[in-house]
Amino acid sequence: MDKIVITDASCFITLDKIDGMHILHSLYKQVITTPEIAAEYGKRLPDWVDVKAVQNRNLLYDYAENVDIGEASAMVLAIETHADLLIIDDAEGRRFAKKLELNITGTVGVILNAKLNGIIPLVKPYILKIQQTNFRISEWLTTQIIKDAGE
């Protein structure tokens, strides 16, 4: 898909833990993040991830009064680049992004989208791997994603 996609650190961290970073790359041609998120990830990002600093630092600091600096930077960058999608997992961050009318999904949504686009054959193995990490996923969401995937 030729979409501009901004992602927060949790997506990188979770996909890295489950050996699923290739899913993000296969699903989206242009993945962008910020230096703040890159630092939060704490590892070298793949070459296919562009790191761009936000231009409007005042807006960044305004948003950082509501969410953490990484999430704030992702939201400002999404606005500045007219991104098609923001990948964000934190509940408070998602609520704030919705108020800004940003199109959002989470890491689990990325995995479902990969299944629906034929990139992976099943979501359930990835969900099981996620459940073995410190990433919190509700039983309701687990059931819903597996149902939506037709598994």
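Before any of the text, the structure's been laid out above.
Residues numbered from 1 in each chain as written. Predicted model: local features only at pLDDT ≥ 70, side-chain atom pairs only at ≥ 80, totals over all residues. Heavy atoms only, no water.

Turning our eyes to something else, we now look at the overall build of the protein. Of the regular secondary structure elements, the protein holds nine helices and five strands. Ordering the α and β elements of the protein from the N terminus gives β-α-α-β-α-β-α-α-β-α-β-α-α-α. Over its C-alpha atoms the protein spans a radius of gyration of 15 Å, differing by no more than 12% from the 15 Å that the globule rule assigns to 151 residues. Each principal axis of the C-alpha distribution contributes one length, and for the protein these read about 45 × 30 × 25 Å. Counted over contacts in the protein with a minimum sequence separation of 6, partners at least 24 positions apart contribute 56%. Counting only carbon and sulfur atoms, one obtains 49% of the accessible surface of the protein, whose full area is about 7,800 Å². Side chains of the protein give 16 positive and 21 negative charges; the mean places of these two sets differ by 6 Å. (Helix = DSSP H or I, 4+ residues; strand = E, 2+ residues; numbered from the N terminus. Rg over C-alpha atoms; globule rule 2.2 N^0.38 Å. Contact = heavy atoms within 4.5 Å. Areas by Shrake-Rupley, 256 points an atom, 1.4 Å probe, with all protein chains shown as cover. Lys, Arg positive; Asp, Glu negative; His and termini not counted. Charge placed at Lys NZ, Arg CZ, Asp CG, Glu CD.)

Next up on the list: the pattern of salt bridges. Summed over the entire model, instances satisfying the criterion amount to five salt bridges. The residue E92 makes a salt bridge to R95 at a minimum N-O spacing of 2.9 Å. With a gap of three residues between them, E92 and R95 both fall in helix α6 (residues 91–99), about one helical turn apart. E92 gets classed as partly exposed once you look at its relative accessible area, which sits at 40%. (Salt bridge = Lys/Arg side-chain N within 4 Å of Asp/Glu carboxyl O. Buried < 20%, exposed > 50% of the residue type's maximum accessible area, 1.4 Å probe, protein only.)

Let's shift gears to the packing of aromatic side chains. Applying the stated criterion across every chain, the model contains two aromatic pairs. Their ring planes at 50° and their centres at 5.7 Å tell us that F12 and Y41 sit as a pair that is tilted. Of the two residues, F12 is situated in helix α1 (residues 9–17) and Y41 in helix α3 (residues 35–41); the sequence distance between them amounts to 29 residues. Looking at F12, the relative accessible area reads 0%, which means it is buried. Seen from their ring centres, Y63 and F96 are 5.2 Å apart, and the 80° between their planes marks the pair as edge-to-face. Taken together, the positions of Y63 in helix α4 (residues 57–63) and F96 in helix α6 put the pair 33 residues apart, joining distant regions of the chain. Residue classification places Y63 among the buried residues on the basis of a relative accessible area of 10%. (Phe/Tyr/Trp six-rings, centres within 6.5 Å; stacked < 30°, edge-to-face > 60°.)

Attention shifts here to the sheet that holds strand β5 (residues 104–105). Spatially, five strands are ordered β3-β2-β1-β4-β5 in an open sheet, and the strand pairing comes out parallel. At either end of the open sheet lies a strand with only one pairing partner, and these are β3 (49–51) and β5. Here three bridges tie strand β2 (residues 30–33) to β3, and the two strands are oriented parallel to one another. Each residue of the ladder has a partner; that of T33, found in β3, is V51. Packing against the sheet, helix α5 (residues 69–81) makes contact with β1 (4–7), β2 and β4 (85–87), and its axis sits at approximately 170° to β1. (Pairing = 2+ DSSP bridges. Axes fitted to C-alpha atoms, helices over the stretch in contact; angles between N-to-C directions.)

All right, on to the environment of L100 then. By the element assignment, L100 lies in the loop between α6 and β5. Through-space distance from the C-alpha of L100 to that of T142 is 27 Å; in sequence the pair is 42 residues apart. When neighbours within four sequence positions are excluded, L100 is seen to be in contact with Y63, M75 and I79.

Another aspect to go through is the environment of R136. Note on placement: R136 falls in the loop between α8 (124–131) and α9 (139–148). Assessed through its relative accessible area of 81%, R136 is described here as exposed.

Turning next to the layout of surface pockets. Where empty space is left in the structure can be found by rolling a water-sized probe over the atoms. In this structure, the largest pocket spans a volume of roughly 660 Å³. If you go around the largest pocket, you meet 27 residues; those closest to its centre are S10, D89, D90, F135 and R136. Residue contributions to the lining of the largest pocket peak at five residues, all from α1. Class assignment of the residues belonging to the lining of the largest pocket gives a composition of eight nonpolar, nine polar and ten charged. (1 Å grid on protein atoms, 1.4 Å probe; cavity = no way out; pocket = protein on both sides within 12 Å on 5 of 7 lines; lining within 4 Å. Points joined across faces, edges and corners; volume = space filled by probe spheres on them. Nonpolar A, V, L, I, M, F, W, Y, C, P; charged D, E, K, R; others polar.)

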